[in-house]
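Okay, here's what each chain looks like letter by letter:
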Amino acid sequence: MSWIDIADVNDIPERGARVVKTPLGCIALFRTGPAEVFAASNSCPHKGGPLADGIVHGQKVTCPLHNWVFDLNTGEAQGEDARIATYPVRIEAGRVLLDGAAIGKRDAA
Amino acid sequence: MKQKLVVIGAGMASGRVLEHLIETQPDAFDITLFNAEDRGNYNRIMLSPVLSGEKTYEDIVTHDDDWYAERGVTCRFGEHVTRIDRENKLVEGRNGAVSYDKLLIATGSAPFIIPVPGKDLPGVISYRDLDDTNAMIDAAAKGGNAVVIGGGLLGLEAAAGLAERGMNVTVVHLMGHLMERQLDEAAGYLLRKDLEKRGITVRTQASTKAILGEGRAEAVLLEDGGTLPADLVVMAVGIRPETRLATDAGLTVARGIEVDAQMRTSDPDIVAVGECIEYDGQLFGLVAPLYDQAKIVAKTLLDEPDAFVVKDTATKLKVTGCDLFSAGDFAAGEGREDIVFRDPARGIYKRLVIEGDRLVGAVMYGDTADGNWFFGLIKDGTDIEEMRDTLIFGPAYQGGAAADPLSAVAALPPEAEICGCNGICKGTIVQAIEGGATDLGAVRATTKASASCGTCTGLVEQLLQVTLGDDFQMPTAQPVCGCTDLSHEDVRRLIKTKELKSQAAVWQELGWNTPNGCHVCRPAINFYLLADWPLEYRDDPQSRFVNERKHANIQKDGTFSVVPRMWGGITTADELRAIADAADKYSAKTVKVTGGQRIDLLGIRGEDLPYIWADLNRAGLVSGHAYSKGLRTVKTCVGSDHCRFGTQDSTGLGIKLEKALWGSWTPHKVKLAVSGCPRNCAEATCKDVGIVCVDSGYQVGVGGAAGMDLKETQRLVDVPTEEEAIAVTIAFVQLYRENAKYLDRPYKWLAKVGLDWVRERVMDPAERQRLIDAFELSQSIFRKDPWAEHARDKAQDYAPLADLTLEAAE
Ligand code: SRM
Ligand SMILES: Cc1cc2nc3c(=O)[nH]c(=O)nc-3n(C[C@H](O)[C@H](O)[C@H](O)COP(=O)(O)OP(=O)(O)OC[C@H]3O[C@@H](n4cnc5c(N)ncnc54)[C@H](O)[C@@H]3O)c2cc1C
Ligand code: SF4
Ligand code: FES
């Protein structure tokens, strides 16, 4: 793994999200707790709703367009046969790090 | 040695068989369960509430993965069984064969597809399972036209659900009236009227000739030559038993797989259950008889004697607001007598069909409370001679008891059936209640009553009340969401009395069962807190829907629309130039005049929002809050300034009101209008507050709306001066802010508290002043332009956190 430094964890509001542009498209970083961040695709499999604009609750996010709810641990949609891709992410010394291999090389391969 | 039981089809009938089997003898069989659908058993009859959005799939799952795992059932879901090899006692699925000692076929039925050209086009679907339901939900999200072929139970539930989701729906029905198998013409007429009220078009005596379209369905061509545009075609013309496997295996099959009273097919090791069977020349399409069959199958498999008996079934339609009931045989005939009751004003129709001294059929529309009682009389063949004169008025009138629903339920005999789906009678439920099942959930768990289609829930609750007396609290209001059992009203009251001033305090003190709420409760609690504690509570953007968090309306493609305020609908050439420049600079896809007398710039990129706002601010334009549960617009007409009929300065009053109210948050959106005379060019009589100017002053109306419901305002008060009109309006809005449930428009709130209650408060001088002061206090925080603030301090929040596309390309 090659961790890429993205931002200060406080740049993401608690119970909120921000977007990172990657070669795989937009990835959303969801901050579900003071020191808990999840990374997942920003695009809802239903009709492409921008998930970073959704309401974040528990370890879930609700799509802003039609209220599909995703579990950020697995990426799975509740009650729907659909999921979003999730990506390795960690917090180190207050910085949010994304795995570069997971978000960049896939595209190149 | 355990016997091997293989089950084909994990539907409602086999689900019940498994429950019985495992309950009585958990270790009798090694069970393998195949299902073509990629999931286990769910309450199929509740697909309609899922379609209409009242429920989710989660709500209707009856057996989840854990259920099967705990009982050791081997699940092969998503796997179609392709062949039964009776000689070697093997069942072949797509992923391999499995052997059986006993085989249960429970393949249900398949929708009948009328063989017209175009039937296979994409966009043509039937209504049978979750996938169909989801396909309809997806199609409805795009809007447009839907044509439902078939005006029976399934077709109408589909039509109502699609209409609920905003599609323009036409039902095409071959017969002269809807649901002709269950309803007579009069009831069919009332049903049609109710459906038409929801915007559904009904075409009876219409036959489909073809489905037209290139690459996908675009229209339905009728025999009479007419065409109906159709983005979606739902075929719901009937079902036929799914018998292909049985036929191929050489079992005796007529219309369905033939079984005896023990549910055995022509092969003694193979039993069958559900919609796929035929018994004594009859087919089955409702769950009640299937559940009876399921009991018998379980017994047969365990070598216990019992026999299936066909009983009458009753039909209800699960469309909110269309209340119908039908049971027995209601065809007119020699020696038959009709008793009919009609109340045209209330849209009620009841008809009983009597043969000799027995009731043989009942059809009801509009008021079906007594349906189960009549159904009981039909099934039991009760002698009704004694009560013939008052029969139509139902059980409450028999034996001189008072006409209240509780005594009617109390008067039912123990054998009276309460839950038609599961065949549960009153005695069983009362026994369960006396045995400790003291709430609805417990009654459902112990007896299954009200656990299928749910239409008998009210009856079960009344039984709880009758049996437990004061120990049972009739549920009055719905909880806010799954995070709590409390209703909105309770939460509002407790926030005030317990002085809860943060969301965390609400979650903790009121026992939320989730860590920090969900998308349903969080916006509501956020509003309650800021309405009650404007100075202490800080608004939480993360508890707001994106539109309110980003101060713009999200579009279906993820861009936003920007609507600057135009006070009272007045603008200037300079403002228009600034809007035009902004439209160019930020490439607005569309510039539209809204229904609220201002201009909408649509298709603005999220990242550009702070910049377009800054530009508009420079020309003096501020947020129009076209996105908020708050003050939207104040529409005005030109009034006495220009119009030859104008009695007062309606434009000026509108601007004053908008300046007083803008920025405030309210339970739902609030729209105002001021018209200069009763010609009412500003459409004031359908606004939340609408003022009509007259020579003698101002008529203030409240509780109007023209959205999902069309409501005319009710007159709150007539006042002589402009000042007083403003004071009354502010007091009204504050009272609404303090008391209404989140997402109740004023008309809904008024329906609950009553106009008199409101008027008393608003007209009491001391209370009026208190309301105005409280509003002013709140406005000292909120009467400001959020755009300016965000453009200045938060622009970076609208941009991506990082852009890795460059690094990765290296
Ligand atoms: C832009 C506008 C349509 C237009 O092009 O004219 C509009 C657009 C929307 N309306 Fe509206 N409504 C607009 C005037 C109206 C009117 C007419 C009026 O105000 O005179 C009505 C009926 C009057 C009324 O409200 O009683 C109206 C009744 C609704 C409703 C139904 C409300 C109800 O209580 O039944 C909704 C849904 C809701 O709010 O829950 C709604 C919701 C919406 C939303 C916000 C739907 C959404 O959540 O995305 C639409 C945003 C579209 C978008 O993509 O930006 N819109 N909407 C109008 C903006 C007016 C403005 O300047 O602010
Ligand atoms: C939208 C809707 C609303 C309804 N409303 C009501 C109502 O209000 N009241 C009422 O009483 N009834 C209602 N019904 C009817 C009720 O749902 C059915 O009578 C009942 O579900 C039939 O049960 P079943 O087990 O026979 O078949 P199903 O529940 O259809 O189950 C059969 C299962 O077998 C599977 N299967 C078929 N062939 C194979 C194969 N070869 N291999 C593997 N699996 C296979 C199918 O995928 C299916 O999952 C409604 C039905 C629908 C669709
Ligand atoms: S603008 Fe209003 S009426 Fe038009 S589609 Fe959107 S919500 Fe419906
Ligand atoms: S786009 Fe996400 S729920 Fe529809």
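Residues numbered from 1 in each chain as written. Chains lettered and ligands numbered in written order. Predicted model: local features only at pLDDT ≥ 70, side-chain atom pairs only at ≥ 80, totals over all residues. Heavy atoms only, no water.

Under the annotation held in an unreviewed UniProt entry, chain B carries the name FAD-dependent oxidoreductase and is attributed to Thalassovita mangrovi. Taken from UniProt, the Pathway (unreviewed entry) comment for chain B reads in full: "Nitrogen metabolism; nitrate reduction (assimilation)." Here is the UniProt Sequence similarities (unreviewed entry) comment for chain B, exactly as written: "Belongs to the nitrite and sulfite reductase 4Fe-4S domain family." (UniProt positions renumbered as here; feature names shortened; annotations may be inferred.)

As recorded by an unreviewed UniProt entry, chain A carries the name Nitrite reductase small subunit NirD and is attributed to Thalassovita mangrovi.

Colleague: Just checking my understanding: could you explain the confidence of the model for chain B for this structure?
Modeller: Interpretation of this model should avoid reading the predicted coordinates in detail wherever pLDDT is low. Within chain B, residue pLDDT values average 92, and 97% of them lie at 70 or more. Across the assembled chains, the prediction reports ipTM 0.72 with pTM 0.54. (pLDDT = per-residue confidence, 0-100.)

Colleague: Can you walk me through the packing of helix H1 (residues 12-24) of chain B against helix H9 (residues 287-301) of chain B in this structure?
Modeller: To characterise two packed helices, one gives the angle between the axes of the helices and the distance between these axes. Residue and element names in this part refer to chain B. As a packed pair, H1 and H9 sit with axes 8 Å apart at the nearest point and diverge in direction by 40°. Between H1 and H9, the angle falls in the class oblique. The crossing of H1 and H9 is right-handed. Across from Met12, Ala13, Arg16, Val17, His20 and Leu21 in H1, the residues of H9 making contact are Val287, Leu290, Tyr291, Ala294, Lys295, Val297, Ala298 and Leu301. By residue class, the composition of the contact of H1 with H9 is 11 nonpolar, 1 polar and 2 charged. (Axes fitted to C-alpha atoms, helices over the stretch in contact; angles between N-to-C directions. Helix = DSSP H or I, 4+ residues; strand = E, 2+ residues; numbered from the N terminus. Parallel < 35°, antiparallel > 145°, perpendicular 65-115°, else oblique. Left-handed = near helix turned anticlockwise from the far one by under 90°. Contact = heavy atoms within 4.5 Å. Nonpolar A, V, L, I, M, F, W, Y, C, P; charged D, E, K, R; others polar.)

Colleague: Help me understand the environment of threonine 666 of chain B in this model?
Modeller: All names here are of chain B. Residue placement: threonine 666 occurs in the loop between helix H21 (650-661) and strand S33 (670-675). Take threonine 666: its relative accessible area is 1%, and that puts it in the buried class. Separated by 139 residues in the primary sequence, threonine 666 and phenylalanine 527 have C-alpha atoms spaced 7.6 Å apart. Leaving out residues up to four positions away in the same chain, threonine 666 has contacts with Phe527, Lys629, Gly630, Leu631, Val733, Tyr736 and Arg737. (Buried < 20%, exposed > 50% of the residue type's maximum accessible area, 1.4 Å probe, protein only.)

Colleague: Please explain the state of the cysteines as it appears in this structure.
Modeller: The term disulfide refers to a covalent linkage connecting the sulfur atoms of a pair of cysteines. All names here are of chain B. A complete count under the given rule lists 0 disulfides over all chains for this structure. With no disulfide of its own, cysteine 483 has cysteine 481 as its nearest cysteine by sulfur position, at a separation of 3.8 Å. Exposure remark for cysteine 483: the relative accessible area of 3% places this residue in the buried category. (Disulfide = S-S within 2.5 Å.)

Colleague: What's the story with the packing of aromatic side chains in this structure? I'm lost.
Modeller: Each pair of aromatic rings is reported with the distance of its centres and the angle of its planes. Residues and elements named next belong to chain B. Within the structure shown, the criterion is met by 16 aromatic pairs over all chains. Between the aromatic rings of tyrosine 279 and phenylalanine 308, the centroid separation amounts to 5.3 Å while the plane-to-plane angle is 70°, which identifies the pairing as edge-to-face. Of this pair, tyrosine 279 sits in the loop between strand S20 (277-278) and H9 while phenylalanine 308 sits in the loop between H9 and strand S21 (314-316), placing them 29 residues apart in sequence. Across the pair, phenylalanine 308 and tyrosine 279 agree in class, each one buried. (Phe/Tyr/Trp six-rings, centres within 6.5 Å; stacked < 30°, edge-to-face > 60°.)

Colleague: Is there a simple way to explain the sheet that holds strand S10 (residues 145-149) of chain B in this structure?
Modeller: Strand pairing in a sheet takes place through backbone hydrogen bonds and is either antiparallel or parallel in direction. Residues and elements named next belong to chain B. Pairing is parallel in the open sheet, where 5 strands are placed in the order S9-S16-S10-S11-S12. In this open sheet, the two edge strands, each paired with only one partner strand, are strand S9 (124-126) and strand S12 (201-203). On average, adjacent strands in this sheet sit at an angle of 20° to one another, irrespective of strand direction. Contacts from helix H6 (residues 153-164) reach S10, strand S11 (168-172) and strand S16 (232-235) within the one sheet, and its direction differs from that of S11 by about 165°. (Pairing = 2+ DSSP bridges.)

Colleague: Help me understand the site of ligand 2, please; the structure alone is not making it clear to me.
Modeller: Residue and element names in this part refer to chain B. Near ligand 2 there are 29 residues, and of these Ala13, Arg128, Glu275, Val287 and Lys318 occur at the shortest range. Taking asparagine 35, its side chain carries an N or O atom lying 2.9 Å from an oxygen atom of ligand 2. At 3.5 Å, a backbone N or O of glycine 285 approaches an oxygen atom of ligand 2. Contact with the protein chains covers 94% of the free accessible surface of ligand 2, which is 1000 Å². Mapped onto the shell around ligand 2, the elements with two or more residues apiece are H1, H6 and H9. (Near = heavy atom within 4 Å. Polar contact = N/O pair within 3.5 Å; in protein donor to acceptor, adjacent residues only side chain to side chain. Areas by Shrake-Rupley, 256 points an atom, 1.4 Å probe, with all protein chains shown as cover.)

Colleague: I would appreciate a short explanation of a nonpolar patch on the surface in the present structure.
Modeller: There is a patch of nonpolar side chains on the surface, built from Leu535, Leu777 and Ile781 of chain B and spanning about 240 Å² of accessible area. As for its placement among the helices and strands, leucine 777 of chain B is situated in helix H25 (residues 765-782). (Patch = residues over 30% accessible without salt bridge, like charges linked within 9 Å, V, L, I, M, F, W, Y side chains within 5 Å. Salt bridge = Lys/Arg side-chain N within 4 Å of Asp/Glu carboxyl O.)

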